[in-house]
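Now for the letters of each chain:
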Amino acid sequence: MCLAVPGKVVSIDRDASPLTGLIDFGGVRKQACLEYLPDVRVGEYVIVHVGFALQRLDEESARASLELFEQLGLLDEEFGDAWEQAARQRNGSETR
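Report on the accompanying structure.

Reading the values: the criteria
- Residues numbered from 1 in each chain as written.
- Predicted model: local features only at pLDDT ≥ 70, side-chain atom pairs only at ≥ 80, totals over all residues.
- Heavy atoms only, no water.
- Helix = DSSP H or I, 4+ residues; strand = E, 2+ residues; numbered from the N terminus.
- Buried < 20%, exposed > 50% of the residue type's maximum accessible area, 1.4 Å probe, protein only.
- Contact = heavy atoms within 4.5 Å.
- Areas by Shrake-Rupley, 256 points an atom, 1.4 Å probe, with all protein chains shown as cover.
- Phe/Tyr/Trp six-rings, centres within 6.5 Å; stacked < 30°, edge-to-face > 60°.
- Core = buried A, V, L, I, M, F, W, Y, C linked by side-chain atoms within 4.5 Å.
- Salt bridge = Lys/Arg side-chain N within 4 Å of Asp/Glu carboxyl O.

1. Things to note about the overall build of the chain
Broken down by element type, the chain carries 3 helices and 5 strands. Listing every helix and strand of the chain by position from the N terminus yields β-β-β-β-β-α-α-α. Residue burial in the chain is summarised as follows: out of 96 residues, 30% are buried. If you take every contact in the chain between residues at least 6 apart in sequence, the share linking residues at least 24 apart comes to 40%. When the accessible surface of the chain is totalled, it reaches about 6500 Å², and 49% of it is carbon and sulfur.

Here it is in structure tokens:
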């Protein structure tokens, strides 16, 4: 599954082409393309889908979404170690 996940802009590389920034998703930090939001600022929240920041989001909504995603285990699914996930799925299917 590929979610659109809210995150906080930690830093912006204005010299990069395309424009990129470091986004914090509740402790997991990833680079994302900011070309669709060229005037975004550090400290703002954005929704990121497949590596692209698509929309701004207010902090309250972002935190509520991150908390819900975490409770549902979706952050691990989205940001966890792909090799570890594959091994778990394989091991789980072998024991059934």
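2. Describing the packing of aromatic side chains
Per the counting criterion, the structure on display carries 1 aromatic pair. Each ring, one from Tyr 36 and one from Phe 52, has its centre 5.8 Å from the other, and the planes form 45°; the classification is tilted. Of the two residues, Tyr 36 sits in the loop between strand 3 (28-33) and strand 4 (45-49) while Phe 52 sits in strand 5 (residues 52-57), which places them 16 residues apart along the sequence.

3. A word on the nonpolar core
Val 5, Ile 23, Leu 34, Val 40, Val 46, Val 48 and Ala 53 are the most contacted members of the largest nonpolar core, which totals 16 residues. Elements represented by at least two residues in this core include exactly strand 1 (4-13), strand 2 (20-25), strand 4 and helix 1 (59-71). Sequence-distant contacts of Val 40, that is, excluding residues within four places in its chain, are made with Val 9, Ile 12, Arg 14, Leu 34, Val 46 and Arg 56.

4. Some remarks on the environment of Val 28
Relative to the helices and strands, Val 28 is located in strand 3. Each C-alpha atom, one on Val 28 and one on Gly 7, is 9.2 Å from the other, the two residues being 21 residues apart in sequence.

5. Focus: the pattern of salt bridges
Inspection of every chain in the model, using the stated rule, returns 4 salt bridges. Of the charged contacts, one joins Arg 56 and Asp 39 as a salt bridge, the two residues approaching to 2.8 Å between their closest N and O atoms. Pair noted here: Arg 56 is in strand 5 and Asp 39 is in the loop between strand 3 and strand 4, with a separation of 17 residues, a long-range link. A relative accessible area of 32% places Arg 56 in the partly exposed class.

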